Amino acid sequence: MVTFREDNEINCYIAMTGEHKIETLLIVYFSLVSLFSIPGNANEWQEQKIQQALFEMYNLNNVAAHQHFKEVLNSQPFHPLAPMAELATDWLKNQEELGYQEGNRILASRIDSVLAIYHDKLKANPQNGELEFYYGCTYGLKARLSLGEKDYLGVLINGYNAVRYIKAAERHQPDFIELQIPFGVFNYYVGISRGYMQIASWIMNTSGSKEEGLAQMRYAAHNARYSCYEARSILAMVTLYFESDYESTLYYAEMMASDFPNNPYYNYLAGEALIQMGRYAEAEKQIKRIKQLLPKLKPKTQKEYWSKLHQLQGSLALKKGDLATAEKELRAVIDNYDQEMDVQLGFALLRLGNVYDLTGRRELAVQCYQRAYGLKNRSQACQLAKLYLKTPYTQ
C-alpha cells in the first residue's frame, strides 16, 4: 500500500513538470486503466455486460465494447465505471473509424460532461474511493488530450487533478487492488526517467523504483480479477521496448494472444520477442497469424498492422542477413509511419541504421541513429542508437 504527502504538493507537481509536459505513457495508462477496474457493487447483469465489453475491446471490436458499456451506463444502479468506460470506448471506436484527429475532437467535445457526472456524484458521496478513482482517470484522459494539442497548461492542470483524485481514492479505499496498475506504471516510469521526474515519487510517497513498479504490475497481472489483462498487456510492451526481457514479453504476449485470439497486437509483440531470441520459425508463425487477421480489421487498423508486419519482416530479414529485404521492409515502416506513439518508429530507425552499417553506408546509418536517439522516448532503441553513434553496428 502507498501513502501520500500532502504538504505543498502543487508546487512539487509544477517542479515535476518543469518542461511543461507530463510523459505520454504515464498519462495514457492513468487515463485508460479504469476500463479494467470493476467496482464491487455491480449487479449480475452489469457484471456480464462489463465482461463482454472487455472481451470485445481486447479483441479489437470497439463498436461492440462501446455498446455494452453504453447499456451499463443507462442501467440502474449507477455504475461508477460506466461514464468513463463509455467515453473511452467511444474514443477508441472513433479513432479506429475516423482517425486520431477526429477521434480526439469528439472526445474533447464530450469529456467535460462526463467529468460533471463524477463531480455531482462525489458531492453526494464525497469519500467514495471508486468514484474518485474514475474521476481522476477521466482527468487523466483530458490531460492526454491537452498533450496532443500542445496545451501544456492544460496538461499541468488536468494532470494534477488526475493525480489528486487517484491519491484520494487510495486514502478512502486502500484495499482497491486496481490501484496497483497506475502506481506500478508510475513507479516504473519515474524510475527510468530523468532526475526531475523523481520529484513525482516524493509527492506520492512511493519509491519511484523501476523494480518496484514492475513488481506491482506483476502482482496485478497474477492477482487482480479484471485489471490482470491490462497488467499483462503493459508488461508485454514494457519488457519488450524498455527492458529487452524477451522471455517475459513472450510469456505475457502469448497469454494475451490465447485469451484474445482476434487481436494481432499480441502476435506482433510475441513475434518481436521471438526474433530477438533467435527463434525464427516461431516468429514466422506469428507473422502468418497477423496476415490471417488482417482482413477482419478496420481499414485504419489494417494500415497500422501492415506497418507492424513490415517491421517484423524487416527485423527478421536483418537477423537472417537478407539485408536488401531488411532495408526495403524497414523503409516501408519509416516512410509511411503515422502512428500516435513513436516507440516502434525508434526501433525501425535503429534497425535500418544497422542495415546501413552492415552495408558500409556509415553516413546514412548515423542519420538513422540520430533520428532514433532524438525521439528520446527512453526505449532501448534510444539507448542503442546512442551507442551506435559512437561505434558502428556489427552482427
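So, how was this worked out
- Residues numbered from 1 in each chain as written.
- Predicted model: local features only at pLDDT ≥ 70, side-chain atom pairs only at ≥ 80, totals over all residues.
- Heavy atoms only, no water.
- Helix = DSSP H or I, 4+ residues; strand = E, 2+ residues; numbered from the N terminus.
- Buried < 20%, exposed > 50% of the residue type's maximum accessible area, 1.4 Å probe, protein only.
- Axes fitted to C-alpha atoms, helices over the stretch in contact; angles between N-to-C directions.
- Left-handed = near helix turned anticlockwise from the far one by under 90°.
- Contact = heavy atoms within 4.5 Å.
- pLDDT = per-residue confidence, 0-100.
- Phe/Tyr/Trp six-rings, centres within 6.5 Å; stacked < 30°, edge-to-face > 60°.
- Lys NZ or Arg CZ within 6 Å of the ring centre and 35° of its normal.
- Core = buried A, V, L, I, M, F, W, Y, C linked by side-chain atoms within 4.5 Å.
- Salt bridge = Lys/Arg side-chain N within 4 Å of Asp/Glu carboxyl O.
- Polar contact = N/O pair within 3.5 Å; in protein donor to acceptor, adjacent residues only side chain to side chain.

Undergrad: So what about the overall build of the protein? Which residues, and what values?
TA: Within the protein, the secondary structure is distributed over 20 helices and 0 strands. For the protein, with 395 residues in total, the buried portion stands at 57%.

Undergrad: Give me the lowdown on the packing of helix H12 (residues 228-243) against helix H13 (residues 246-259), citing residues and values where you can.
TA: Across the interface, H12 lies against H13 with an axial gap of 8 Å and an inter-helix angle of 145°. The way H12 lies across H13 gives a crossing that is left-handed. Contacts between H12 and H13 involve Tyr229, Arg232, Ser233, Leu235, Ala236, Thr239 and Leu240 on the former and, on the latter, Tyr246, Ser248, Thr249, Tyr252, Ala253, Met255, Met256 and Asp259.

Undergrad: Break down the confidence of the model for the protein for me, with residues and values.
TA: Per-chain confidence: the protein averages 85 in pLDDT, with 85% of residues scoring 70 or above. Across residues 1-32, confidence stays below pLDDT 50; counting only partners more than four residues off in sequence or on other chains, it has 93 contacts.

Undergrad: Outline the packing of helix H19 (residues 362-374) against helix H20 (residues 380-390), supporting the account with residue identities and numerical values.
TA: Orientation of H19 relative to H20, taken along the N-to-C sense of each, is 145°, at an axis distance of 8 Å. The hand of the H19/H20 crossing is left-handed. Where H19 approaches H20, its residues Arg362, Val366, Tyr369, Gln370, Ala372 and Tyr373 are matched on the opposing element by Cys382, Ala385, Lys386, Tyr388, Leu389 and Lys390.

Undergrad: Run through H12, naming residues and quoting values.
TA: Burial runs high along H12: 14 of the 16 residues are buried. Immediately downstream of H12, the backbone of Ser244 shows phi near 55°, a positive value.

Undergrad: How would you summarise the packing of aromatic side chains if you had to cite specific residues and measurements?
TA: Taken as a whole, this structure holds 14 aromatic pairs when the rule is applied. When the centroid spacing of 4.4 Å and the interplanar angle of 50° are considered together, the rings of Tyr135 and Tyr165 count as tilted. Here Tyr135, found in helix H7 (residues 129-148), pairs with Tyr165, found in helix H8 (residues 152-172); they are 30 residues apart in sequence, far enough to count as distant. Look at Tyr135 and you get buried, because its relative accessible area is 4%. Three or more aromatic residues joined by ring pairs form one cluster here, namely Phe55, Tyr58, Tyr229 and Phe260. Between the NZ or CZ atom of Lys121 and the centre of the ring of Phe78, over which it lies, the distance is 4.3 Å.

Undergrad: Lay out the environment of Leu92 in plain terms, naming residues and giving numbers.
TA: Of note, Leu92 is situated in helix H5 (residues 82-98). Sequence separation between Leu92 and Met57 is 35 residues, and the spatial gap between their C-alpha atoms is 9.1 Å. In this structure, Leu92 is in contact with Met57 and Asn62, ignoring residues within four places of it in sequence.

Undergrad: Any details on the environment of Val63? Residues and values, ideally.
TA: Within the secondary structure, Val63 is located in helix H4 (residues 62-73). Given a relative accessible area of 35%, Val63 falls into the partly exposed group. For Val63 and Lys93, which are 30 residues apart along the polypeptide, the C-alpha to C-alpha distance reads 5.9 Å. With sequence-adjacent residues up to four places away left out, Val63 is seen in contact with Lys93, Glu97 and Lys298.

Undergrad: Break down the nonpolar core for me, citing the residues and quoting the values.
TA: Core analysis: the largest hydrophobic core is formed by 66 residues, its most contacted members being Met217, Tyr241, Leu269, Leu350 and Tyr369. Take this core: its biggest share by element is 10 residues, from H12. Those residues within four positions of Leu350 in sequence are excluded, and the remaining contacts are Tyr369, Ala372, Ala381, Leu384, Ala385 and Tyr388. Core analysis: the next-biggest nonpolar cluster, separate from the first, contains 35 residues, Ile50, Val114, Ala162 and Phe183 among them.

Undergrad: Go over the pattern of salt bridges with me, naming the residues and quoting the values.
TA: It is possible for side chains of opposite charge to pair when their charged atoms get near one another. One pass over the full model with this rule turns up 18 salt bridges. One salt bridge connects Arg110 with Glu86, and the closest N-O pair in it is separated by 2.6 Å. Of this pair, Arg110 sits in helix H6 (residues 100-124) while Glu86 sits in helix H5, and the two are 24 residues apart along the sequence. Linking Glu243 and Lys210 is a salt bridge whose minimum nitrogen-to-oxygen distance equals 3.5 Å. Of this pair, Glu243 sits in helix H12 while Lys210 sits in helix H11 (residues 210-223), and the two are 33 residues apart along the sequence. By relative accessible area, which is 24% here, Glu243 ends up partly exposed.

Undergrad: Account for unusual backbone geometry, naming residues and giving values.
TA: For the bond running from Gln76 to Pro77, omega is 0°, close enough to zero to count as cis. Even without being glycine, Leu60 reaches a positive phi, approximately 65°. Looking at where Leu60 falls in the secondary structure, it is placed in the loop between helix H3 (44-58) and H4. The class of Leu60 is partly exposed, set by a relative accessible area of 22%. Although it is not a glycine, Lys376 sits at a positive phi angle of roughly 50°. For Lys376, the position within the fold is in the loop between H19 and H20. The partly exposed category is assigned to Lys376, whose relative accessible area is 48%.

Undergrad: Residue-level account of the side chain of Asn128, with values.
TA: With respect to the helices, strands and loops of the structure, Asn128 is situated in the loop between H6 and H7. A polar side-chain atom of Asn128 sits 3.0 Å from the main-chain amide nitrogen of Glu130. Of note is the side chain of Asn128, whose polar atom sits 2.9 Å from the backbone nitrogen of Leu131.

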